[in-house]
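# Descriptive structure summary
Residue-level listing of the chains:
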Amino acid sequence: MKPFRLFSFLFAAWPVFAHAALNVFACEPEWGALATELGGDAVKVYTATTAMQDPHHIEARPSLIAQMRRANLAVCTGAELEIGWLPVLLQQSGNAAIQPGQPGYFEAARQVALLEKPMVLDRAQGDIHAAGNPHVQTDPRNIARVAQALAARMAELDPARAALYRARLAGFNTRWNAAIARWQAEAAPLRGMPIAVQHLGFPYLENWLGLKQVAVLEPKPGVAPSVGQLADVAARLKATPARAVIRAAYQDPRPSEWLAAHAGIPAIALPFTVGGSARAGDLFGLFDDTVDQLLRAAR
Ligand SMILES: [Zn+2]
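Residues numbered from 1 in each chain as written. Predicted model: local features only at pLDDT ≥ 70, side-chain atom pairs only at ≥ 80, totals over all residues. Heavy atoms only, no water.

Taking an unreviewed UniProt entry as the reference, the protein chain is identified by name as Zinc ABC transporter substrate-binding protein belonging to Thiobacillus sedimenti.

Next comes the structure, spelled out in structure tokens:
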């Protein structure tokens, strides 16, 4: 009976394996959303963080470790954004397939040209990232580059569905490029607009739309400003005024609100990632809302 049982086991197991979804562990919501765009029903996406959490500081909870254990592909920002929590998750998961250097480990920041590479690396200067600024998702052209590489990686890990990933990438590219053209046309009045930022979270957005960052509220990246430091920023803005003060949805609103009240400018909470506002339900909504909020401040 043994050969028969073996045969029926293979027969029963093979179709299940062939149709199993690719398990994706996304460190941040933008990469979870992108994996869903590129994989559709062929992928099961678990997103480790929400737009209301600070991605620099996440607790390596047992539930995250359990999700990482069953992942076929980890999609994270890299560039040291997750340096405080991802290495612990990777190690604790015991999952050899998704360790750095393996095909199952994918870093978005490696696919784009990073801004703000420090001349001198001094961790006393706060959350300074040696590789450059990790917040690459605020420029939709970066999302397009990451999409290209991520679709290729998904096809490599799941060759049976390579054609599906290729087709979905082509469809996404068509819609995404049309959206970028529309956002750029709408955002033309923003070119040269001076802004203050709470955290150095927007260099890619500034670079894309031609916004001019004239002040930063955090004295060091990741360090909350005191009222005295905010007063200094407000005093400096008298000479170089900003049209708005910008923060990410997850950030403490108080420093921005203080400056807004004292400098007489609007405080804007940009979604920063998918889920960061009611409109930012997907990657398209993320930039629809970002551009519209900035345009309202410019009027
Ligand atoms: Zn940061």
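## Quick notes on the side chain of Glu30
In this fold, Glu30 is placed in helix 2 (residues 29–39). It turns out Glu30 is buried and unbridged, and the closest side chain with the opposite charge, Arg145, is 14 Å from it. In this structure Glu30 touches Thr77, Gln137, Thr273, Val274 and Leu283, once residues within four positions along its chain are discounted. (Helix = DSSP H or I, 4+ residues; strand = E, 2+ residues; numbered from the N terminus. Buried < 20%, exposed > 50% of the residue type's maximum accessible area, 1.4 Å probe, protein only. Lys, Arg positive; Asp, Glu negative; His and termini not counted. Salt bridge = Lys/Arg side-chain N within 4 Å of Asp/Glu carboxyl O. Contact = heavy atoms within 4.5 Å.)

## Concerning the packing of helix 2 against helix 6 (residues 162–186)
Packing of helix 2 against helix 6 leaves a shortest axis separation of 7 Å and a crossing angle of 115 degrees. Judged by residue contacts, Leu34, Thr36, Glu37, Leu38 and Gly39 of helix 2 engage Leu164, Tyr165, Arg168, Leu169, Phe172 and Arg175 from helix 6. Looking at the contact of helix 2 with helix 6 residue by residue, the classes come out as 6 nonpolar, 2 polar and 3 charged. (Axes fitted to C-alpha atoms, helices over the stretch in contact; angles between N-to-C directions. Nonpolar A, V, L, I, M, F, W, Y, C, P; charged D, E, K, R; others polar.)

## Quick notes on helix 5 (residues 140–157)
Here helix 5 spans 25 Å end to end across 18 residues, near enough to the 26 Å set by a 1.5 Å rise per residue. Within the sequence span of helix 5, burial applies to Pro140, Asn142, Ile143, Ala144, Val146, Ala147, Leu150, Ala151, Arg153, Met154 and Ala155. Near the N-terminus of helix 5, the side chain that reaches the backbone nitrogen of Arg141, with its oxygen 2.8 Å away, is that of Asp139. (Expected span 1.5 Å × (residues − 1). Polar contact = N/O pair within 3.5 Å; in protein donor to acceptor, adjacent residues only side chain to side chain.)

## Section: the coordination of the zinc ion
Those protein atoms acting as donors to the zinc ion are His56 (NE2), His135 (NE2) and His199 (NE2), and they sit at 2.0 to 2.2 Å. As a motif over one chain, the donors of the zinc ion read H-x78-H-x63-H. Residue His135 is found in the loop between strand 4 (105–107) and helix 5, and its partner His199 is found in the loop between strand 5 (194–197) and helix 7 (203–209); the two are separated by 64 residues along the sequence. Given a relative accessible area of 5%, His199 falls into the buried group. (Donors = N, O, S within 2.8 Å, 3.2 Å for Na, K, Ca; no water.)

## Some points on the environment of Gly222
Mapping Gly222 onto the fold places it in the loop between strand 6 (212–216) and helix 8 (227–239). Each C-alpha atom, one on Gly222 and one on Gln92, is 26 Å from the other, the two residues being 130 residues apart in sequence.

## Notes on the sheet that holds strand 4
Taken together, the 4 strands give an open sheet; going across it, the order is 2-1-3-4, and neighbouring strands pair in parallel fashion. Two strands in the sheet have a free side with no partner beyond their single neighbour: strand 2 (43–47) and strand 4. On average, adjacent strands in this sheet sit at an angle of 20 degrees to one another, irrespective of strand direction. Direction of pairing for strand 1 (residues 22–26) relative to strand 2: parallel, over a ladder of 5 bridges. Note that in strand 2 the partner of Leu22 across the bridge is Val43. The sheet strands contacting helix 2 are strand 1, strand 2 and strand 3 (73–76), and the helix crosses strand 2 at an angle near 170 degrees. (Pairing = 2+ DSSP bridges.)

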